Amino acid sequence: MFSSKENFKKEFCQRIVEKYGRDPSDSHISECYDVLGTMVRDYANVDAKSCKELVNKQKAKQLIYFSMEFLIGRLLTSNLINLGIYNIVKDGLADLGIDFNELEEQESDAGLGNGGLGRLAACFLDSIASLSLPGHGNCIRYDYGFFRQKIVNGHQEEVPDQWLLNGNPWEIRKPKHSVEVKFYGNAETYQDENGQIRSRTVNALSVLAIPYDIPVVGYKNHITNTLRLWSAEPSDEQLPNTHDFAGYLSFVKDLTHGLYPDDSTEQGRLLRLRQQYFLVSAGMQSMLRSHYRAYHTYDNLPEKYVFQLNDTHPIMAIPELMRLLMDEHGYGWDEAYKICEGCFAFTNHTVMAEALEKWPVHYVANLCPRIYMIIEEINRRMIIKMREQNLPENVIQNSLIIKDGNINMCQMAIHVCFSVNGVANLHTNILKEQTFKELYYIYPNKFNNKTNGITHRRWFLSANPKLSSYVTKLIGNKWVTDINQLSKLEKYLDDENVLDTINDIKLENKERLIKLIKKENNIDVDKNSIFDVQIKRLHAYKRQLLNVFKIIHYYNMFKMDKNFKIYPTTFIFGAKAAPSYVYAKKIIELILAVANKVNNDPEVNKYMKVVFIENYGVSKAECIIPAADVSEQISTAGKEASGTSNMKFMINGAVTLGTLDGANVEIKSLVGDDNAVIFGLHEDEITEIKYHSSYNPWDLYNSDPAIKKIIDSLVDGTFSSNTEQFRMIFDEVMYHGDEYFILADFKSYLKASECVQKLYQDRHRWAKMCLVNIAKSPYFSSDRTIEEYNRDIWHLPKIITDPRD
C-alpha cells in the first residue's frame, strides 16, 4: 500500500472517493486528514497482527502499563516517521496539491492527560515499541480532555476540550471485547458446589466498558503495540431498585466525561474514585480473559504478565485482581495474594502529601464493598505479619493501609508490589529517608530508582527537524536508534563552524515560535533576544511566582534607574491551573498583569517582553522547546519528583537555569558546573530550616528594599487598579510562611539569571554549552529508562518480526 509514492496516491484517492464520494481536489482538508489517519492506522495494524501472533507463539511475557494519563499529543507525523513512510506520504500529498503542514494542523492533541505524568507514559509506550518489547497501555477514553484554556480579561477560563469533535481516526472500537464493571451492591458469602465458602457481589450497578484500541508504532522495526482506551456505556443488565434510569445514564456518562474531576467537592472526589476503579476493573478483566484463552490457568500469571502502576491512581488494580481471582475464578486467598505479589510494580511520582492518595473508608466501602473487604483483610494480615516480625510500633503505625478512617493507597501498593521505584535519584532517596521511611525499613529490596526519560524521536527527531538533521549530518543517523551516539558531538565543541550553525538553527526555530506568538498573542518578539522559557503545570512548588518576581524586580529597576539595562529577554510562560486551584489561577492573573504592564511600556519593552502561551499542550511544546535558550527549572528543592520538560529542553540545546531538585541534580552532574546554572537552597538545607523553624519571610521583607518593593507592588496598584486583586499572593508569601521559599531563594535566583545573561552574550560559548547539553542528553532517553525497567523489573523478551514484503 505504501511501497511507493504512486501506490500511496492511488490508495489515498480511492479511499477519499469511497468514504466521501469526491476527489481529493474537492475534499475538505479535514476529510483528507481523516482518510490519511485511517490509512496509516490500518498500515500499522498489519504489524500489530504479526506482533500478537509472535507473542502467542513464543508464549511471551507482556507488560500492561496502567495510567490515568497518556499525553500522546498528535500522532500523524510521529507515526509516519516511525513507519518509515514520512517522505512518501508528504511528497505524494504534494503531488495531489495537499499541503502536509496544513493537513497536520487538523489533528487535535488527544485529551488524555494534563502534565508530566501523562507525557512520561506516552514516551514509555514509544520506547517500549521501539525496543521491540511487548507492552501495552490502559487508560480511559475521556470524552473531553482536562480542559481547553482561554485567557479572557486577564484570567484563565476553562472550556471543554472537544478533542473527539471531528472523530479520532487512530482508534478502533471493539465492542466484542467489552466487559461489565460493577459498582455498589452488597458483598455476600455463599457455599459453592464444592462446599467452599465464597464471596460475591449482588445487586450491583453494571456499566459496560468498551475498549478503543490505538496502535503504538515502534521506530522502523515493524512492532506495533496497543494503547487501549476504555469507554463507558450503559449495560443491558437489570438496574437495582436503588437507581432510576435517568440517574443511571448520568452515572455512566460521568465516568468518562473528563480527566480529573474537581476534587474540591465530595461529588468530584467520588467521581475520581469511580474512574479509577472503572479503569482497573476493565483492564484486569480483559487481561484475565485473554490470558485464560491462551493458557487455561491463572497459576502462571506472574510469568506471563507484569502490571506497572503509574502513580497512585491505578492502585485499586491490586484488590481488584484479588477479587477476580477469588470470587470469579475460585482461588483461595493465599494463592491469589501470591499471584498479585508476583505481578504488580509501582511507580511513585511525588512526595507531596496531597498527591499521596488517601480515600475515606466509607467512600470505598460504599462504592466497591467487596474491594473494601479485601483491602481490610490485606491490612489485617499485614498488621499480624509486622507484629510477628517484632517491628517497632512507630514503623507499624506508619505502614498501616487503613488508618484514621482513610485507606492509604501507597502503603497498600508498597506492601503488595514486588518493586517500588522513584523517578530521579533525589526523589528516590527522599522516598526512602522521609516519605516511606518505615516501609523502606521493612522492604529495603523493593525500592529502586528509575530516572524518567523522554523519547528523543518525538522530542528531537520530529520536533526539531533542522537541528536533528544537522546532527545526522555530523555523526550519522545511528543515534535515532542508539541515543548514546549523541556523545560523538563532543568532538565538535571547539569547531566554530558547527557552533555558528547551531546558533543559526536556533534562530530559525525562534522564527517559527515568533509566528505562533504573533498569531495568538499579537506580540512582536525580537528573535535576537534570550528566549527564557518556563512551561509546565501551574503549581506553587514549581514556583512560576519566583520567575514573575524576578520580572517585577527588573521592571522596578527600569522605572527607578534610567541607566539600568538587561540583555534583551523574552520571558515565555505556558501553564494550566487546575480549575479548583484558586491560588494557581491567581498566579496566572499576575503573570498576565505583569505582561500587560511590561509589554506596553516603551521604556521597558525594548529590553524585555512577557508572553503567556494560551492552552499550552504537547503540540505547542513541540514549537516552543526547540526555540528556547533558557530552561527554567526552579521548583523548591525536594518537591519535584523528576520533571521531564528539563530533559526535552536539554536535548534541544537549552541551558538549564534551576535548583538542585528532581532530575536537575543529574543534569548538573552530567553537564558539569560550566554548562548549567544552578542556584538556591538544597533539599537538606530546607529540611534543616524547617526543623529549626528558622525562616521568616518578614525578615527579608524588612531588610531588603528590592524584595519589599516587589511584595508591595502586589497590593499598591502597580499591576492592577484593584489593590486587592493579588492580596491572596501577598498573604500566601508573607502571612503563610512562604512555604516554597520563594523569597529565600530570590537573591541567588537573580544572581543566576544575571550569570545567564552574561554567558549568552558570548555566542560561541553559549553554543558550546548547548552542544554539551545535547551530547549528554542520552542519559535522559526513555529508551535507557525502559531498558532499566526491563532489566530490573519486567523481564520482557524482545519480539523480532520479519520485514514486511
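Anything mentioned here points back to the structure above.
Residues numbered from 1 in each chain as written. Predicted model: local features only at pLDDT ≥ 70, side-chain atom pairs only at ≥ 80, totals over all residues. Heavy atoms only, no water.

1. Observations concerning the sheet that holds strand β20 (residues 608–613)
Here six strands make up an open sheet; going across it, the order is β20-β19-β18-β21-β22-β23 and the pairing parallel. What marks the edges here is a single partner per strand, and that holds for β20 and β23 (677–678). (Pairing = 2+ DSSP bridges. Helix = DSSP H or I, 4+ residues; strand = E, 2+ residues; numbered from the N terminus.)

2. Remarks on the side chain of Lys 446
For Lys 446, the position within the fold is in the loop between α17 (437–442) and β17 (447–449). As a buried residue without a salt bridge, Lys 446 has its nearest oppositely charged side chain in Glu 341, at a separation of 5.8 Å. Among the polar contacts listed, one links the side chain of Lys 446 to the backbone oxygen of Ile 414, at a separation of 2.7 Å. (Buried < 20%, exposed > 50% of the residue type's maximum accessible area, 1.4 Å probe, protein only. Lys, Arg positive; Asp, Glu negative; His and termini not counted. Salt bridge = Lys/Arg side-chain N within 4 Å of Asp/Glu carboxyl O. Polar contact = N/O pair within 3.5 Å; in protein donor to acceptor, adjacent residues only side chain to side chain.)

3. Section: the packing of aromatic side chains
Evaluation of the coordinates by the stated rule reveals 33 aromatic pairs. On the basis of an interplanar angle of 20° and a centroid distance of 5.3 Å, the ring pair of Phe 558 and Tyr 607 is categorised as stacked. Of this pair, Phe 558 sits in helix α21 (residues 544–560) while Tyr 607 sits in the loop between α22 (582–599) and β20, placing them 49 residues apart in sequence. For Phe 558, a relative accessible area of 5% puts it in the buried group. When the centroid spacing of 5.0 Å and the interplanar angle of 35° are considered together, the rings of Phe 679 and Tyr 749 count as tilted. On the criterion of sequence distance, the pair formed by Phe 679 in the loop between β23 and α26 (683–692) and Tyr 749 in helix α30 (residues 742–761) is long-range, its members being 70 residues apart. (Phe/Tyr/Trp six-rings, centres within 6.5 Å; stacked < 30°, edge-to-face > 60°.)

4. Describing the pairing of strand β19 (residues 569–574)
Of all six residues in β19, six are buried, a share of seventy percent or more. Burial along β19 is two-sided: the face carrying Thr 569, Phe 571 and Phe 573 and the face carrying Thr 570, Ile 572 and Gly 574 are both buried. Once you follow strand β18 (residues 530–535) into α21 and on to β19, the crossover reads as right-handed. The sheet contact formed by β19 and β20 spans six bridges and is parallel. Paired with Phe 571 across the bridge in β20 is Val 610. Regarding topology, α22 serves as the crossover connection from β19 to the parallel β20, and that connection is right-handed. (Right-handed = clockwise from strand over helix to strand, strands pointing away.)

5. With respect to the layout of surface pockets
The calculated volume of the second largest pocket comes to roughly 740 Å³. Taken together, the elements giving at least two residues each to the lining of the second largest pocket come down to α2 (29–58), β1 (62–66), β2 (135–140), β10 (224–234) and α8 (266–295). Grouping the constituent residues of the lining of the second largest pocket by class yields 11 nonpolar, 13 polar and seven charged. (1 Å grid on protein atoms, 1.4 Å probe; cavity = no way out; pocket = protein on both sides within 12 Å on 5 of 7 lines; lining within 4 Å. Points joined across faces, edges and corners; volume = space filled by probe spheres on them. Nonpolar A, V, L, I, M, F, W, Y, C, P; charged D, E, K, R; others polar.)

6. Concerning the pairing of strand β4 (residues 155–159)
Strand direction decides the pairing type here: strand β3 (residues 148–152) and β4, joined by five bridges, are antiparallel. Looking at β4, one finds that Gln 149 is bridged to Glu 158. Connecting β3 to the next strand, β4, in antiparallel fashion are two residues, including Asn 153 with a positive phi near 50°.

7. What to know about the nonpolar core
Proteins that are soluble and globular tend to have nonpolar side chains buried together. Residues Phe 12, Phe 183, Leu 227, Phe 278, Phe 307, Leu 321 and Phe 344 are the most contacted members of the largest nonpolar core, which totals 156 residues. With 12 residues, α2 is the single largest residue contributor to this core. When neighbours within four sequence positions are excluded, Leu 321 is seen to be in contact with Met 284, Met 287, Leu 288, Leu 301, Phe 307, Cys 340 and Phe 344. Among the nonpolar cores identified, the runner-up in size contains 73 residues, and Ala 593, Val 594, Ile 634 and Cys 770 belong to it. (Core = buried A, V, L, I, M, F, W, Y, C linked by side-chain atoms within 4.5 Å. Contact = heavy atoms within 4.5 Å.)

8. As for the sheet that holds strand β13 (residues 358–360)
On the basis of which strands lie adjacent, the open sheet formed by three strands has the order β13-β15-β14 and antiparallel pairing. Strand pairing shows two members of the sheet lacking a second neighbour, β13 and β14 (402–403), which therefore form its edges. Alignment of β13 against strand β15 (residues 406–408), held across three bridges, turns out to be antiparallel. The residue of β15 that forms the bridge with Pro 360 is Asn 406.

9. Overview of the pattern of salt bridges
Under the criterion given, the structure shown has 51 salt bridges. Linking Arg 228 and Asp 213 is a salt bridge whose minimum nitrogen-to-oxygen distance equals 2.8 Å. With Arg 228 in strand β10 and Asp 213 in strand β9 (residues 205–217), this residue pair connects regions lying 15 residues apart in the sequence. Accessibility expressed as a relative area gives 14% for Arg 228, which makes it buried. Notably, a salt bridge pairs Asp 494 with Lys 768, separated by 3.2 Å at the nearest N-O pair. Here Lys 768 lies in helix α31 (residues 763–776) and Asp 494 lies in the loop between α19 (465–475) and α20 (496–521), a separation of 274 residues in the sequence. Given the relative accessible area of 65%, Asp 494 is considered exposed.

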